[in-house]
Amino acid sequence: MADALFTFIASVQGSEPWGSVLDAGTGAHSLEWVAGLATSRWTAVTADASAAERLRKDFAARMRPADRIIAGNWGDPLFLHADVHDVVLADYLLGAVDGFAPYLQDRLFGRLRPLVGQRLYVVGLEPYPGEAPHPWGQVILEIARLRDACILLAGHRTYREYPLDWTVRSLEESGYSVEEAKAFPIRYGPRFVNGQLDVCRSKLRYLCDRSLAKELERAIEDLRGRALALHEVHRGALFGEDYVVDARPRAG
Ligand SMILES: C[S@@+](CC[C@H](N)C(=O)[O-])C[C@H]1O[C@@H](n2cnc3c(N)ncnc32)[C@H](O)[C@@H]1O
């Protein structure tokens, strides 16, 4: 799915050169894409120092002298304050901010504004609805709730996603003009099911109540079995939406 989002961004960019690109919330997936573009240089930012270390190892062979992978936090007003990039990519950054700089969300795009030379592309996940119209959507909601419950019980912070209209409003109030916005229905599959339920499992070791952890482990594996079986029946079913927004800094 995310490849369709990057393909869309590339089509919006068209023949405009990429120049210098900032991946403002990096990870293996977005950096894989950015590193393959015809850029003059790229900078990838994560708030997680150990993730930065891993990415530096994984991308070592593909980094040119001016390419950088940096651990830093947009909540720090001095972080990269003098940097300007032709293109800034905020790929699922907004939803992750709550984990690293809670309550920064309404100031995030304003914080990035001086770094954006030409364009900011925002990729986000529309928050899930409270209810789903079909069993496949219902099981996706169950997975998301169990994931967040395990994260909270571990004493960690969950992601908080924002809807497309919130993002467009925030961009307009932060000195950008929104040129284009597009939603992409999501086709989740076993990779999502297993990935999210593995996150659940990874949180269990932080629980002091070991009998609760054991019961949750049983619930996780029960849900995995039901979700994977349901996927066989509902192959191709859509649930939820990602979105991409193309914004340009307004003059002045
Ligand atoms: C969901 S991940 C992004 C996924 C990534 N684009 C990929 O392809 O895998 C969110 C990223 O944003 C970073 N992030 C979240 N809040 C941040 C903040 N306040 N400052 C800097 N980076 C932040 C996280 O450290 C992480 O690298």
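Everything here concerns the structure above.
Residues numbered from 1 in each chain as written. Predicted model: local features only at pLDDT ≥ 70, side-chain atom pairs only at ≥ 80, totals over all residues.

> I keep staring at the overall build of the chain and nothing clicks. Help me out?
The number of helices and strands found in the chain is nine helices and seven strands. Taken against the 2.2 N^0.38 rule, which gives 18 Å for 252 residues, the C-alpha radius of gyration of the chain at 19 Å falls within 12% of a compact globule. Here the chain holds 252 residues, and the buried ones make up 29% of them. Taking contacts inside the chain between residues at least 6 apart in sequence as the whole, the part at least 24 apart equals 77%. (Helix = DSSP H or I, 4+ residues; strand = E, 2+ residues; numbered from the N terminus. Rg over C-alpha atoms; globule rule 2.2 N^0.38 Å. Buried ≥ 20, exposed ≤ 12 C-beta atoms within 10 Å, placed from the backbone. Contact = placed C-beta atoms within 7 Å.)

> Could you clarify how one ought to interpret the sheet that holds strand β4 (residues 85-91) in this entry?
What holds strands together in a sheet is hydrogen bonding between their backbones, with the strands either parallel or antiparallel. The seven strands are arranged β3-β2-β1-β4-β5-β7-β6 in an open sheet whose pairing can be described as mixed. Two strands in the sheet have a free side with no partner beyond their single neighbour: β3 (68-71) and β6 (176-185). Across this sheet, the average inter-strand angle for adjacent strands is 15 degrees, counted without regard to direction. Along the sheet face, helix α4 (residues 93-100) touches β4 and β5 (116-125) and points at about 80 degrees away from the line of β5. (Pairing = 2+ DSSP bridges. Axes fitted to C-alpha atoms, helices over the stretch in contact; angles between N-to-C directions.)

> Which parts of the structure should I look at to understand the environment of A90?
In this fold, A90 is placed in strand β4. Put simply, A90 and Q105 are 15 residues apart on the chain and 12 Å apart in space, counted from C-alpha to C-alpha. With near-sequence residues (within four places) excluded, A90 lies in contact with A24, G25, L112, L120, V122 and V123.

> Would you mind going over the nonpolar core with me for this structure?
Nonpolar side chains tend to gather and get buried jointly when the protein is soluble and globular. One finds A24, V88, L89, A90, L112, L120 and V122 to be the most contacted residues of the largest nonpolar core, which totals 39 residues. Among the elements that make up this core, the one with the highest residue count is β5 (five residues). Apart from the residues lying within four places of it in its own chain, the contact partners of L120 are V88, A90, L112, Y176 and A247. W136, I140, I143 and Y188 belong to the second largest nonpolar core, which has 13 residues in total. (Core = buried A, V, L, I, M, F, W, Y, C linked by C-beta atoms within 7 Å.)

> When you look at the packing of helix α6 (residues 135-153) against helix α9 (residues 210-233) in this model, what are you seeing that I'm missing?
Helices that pack against each other are described as a pair by the angle of their axes relative to one another and the distance between those axes. Two elements in contact, α6 and α9, have axes separated by 10 Å at closest approach and are oriented at 155 degrees. Classified by the angle between their axes, α6 and α9 sit roughly antiparallel to one another. Both α6 and α9 take part in a crossing whose hand is left-handed. Contacts between α6 and α9 involve P135, W136, V139, E142, I143, L146 and C150 from the first element and L216, A219, I220, L223, R226, A227 and L230 from the second. (Parallel < 35°, antiparallel > 145°, perpendicular 65-115°, else oblique. Left-handed = near helix turned anticlockwise from the far one by under 90°.)

> So what exactly am I meant to see when it comes to helix α2 (residues 28-35) here?
Spacing of three or four residues puts side chains on the same side of an α-helix, whose turn is 3.6 residues. The set of residues buried in α2 consists of S30, L31 and V34. The buried side chains of α2 occupy one side of the element, clustering within an arc of 95 degrees when seen end-on. Its buried side turned inward, α2 meets β1 (19-23), β2 (39-46), α3 (49-59) and β4. (Arc of directions from axis to C-beta.)

> What is the right way to look at the environment of H29 in this model?
The residue H29 is located in helix α2 in this model. Separated by 97 residues in sequence, H29 and E126 place their C-alpha atoms 19 Å apart.

> It is not clear to me how the pairing of β4 should be interpreted in this structure. Could you clarify?
In terms of burial, β4 is a largely internal element, six of the seven residues being buried. As defined by bridge partners, β4 adjoins β5 across six bridges and the pair is classed as parallel. From the neighbouring strand, A90 faces β5, where its bridge partner is V122.

> What am I meant to see in the site of the ligand here?
The ligand sits among 22 residues. The nearest are G25, G27, H29, S30 and T46. Contributing elements (two or more residues each) for the shell around the ligand: α2, β2 and α4. In terms of residue count, the dominant contributor to the shell around the ligand is α4 (four residues). Looking at the shell around the ligand, its residues break down into twelve nonpolar, eight polar and two charged. (Near = placed C-beta within 6 Å. Nonpolar A, V, L, I, M, F, W, Y, C, P; charged D, E, K, R; others polar.)

> Honestly, helix α5 (residues 105-112) in this entry has me stumped. Any pointers?
For α5, the complete set of buried residues consists of L108, F109 and L112. For α5, the buried positions fall inside an angular range of 80 degrees around the axis, keeping them on one side. In this fold, the buried residues of α5 make contact with β4, α4, β5, α7 (164-173) and β6.

> Before we go on, may I ask you to explain the pairing of strand β7 (residues 241-249) in this structure?
Within a regular strand, side chains alternate between the sheet's two faces. Where β5 and β7 come together, six bridges link them in antiparallel fashion. From the neighbouring strand, L125 faces β7, where its bridge partner is D242. As judged from the nine bridges shared by β6 and β7, these two strands associate in the antiparallel manner. Within the sheet, the bridge partner assigned to V178 lies in β7 and is A247.

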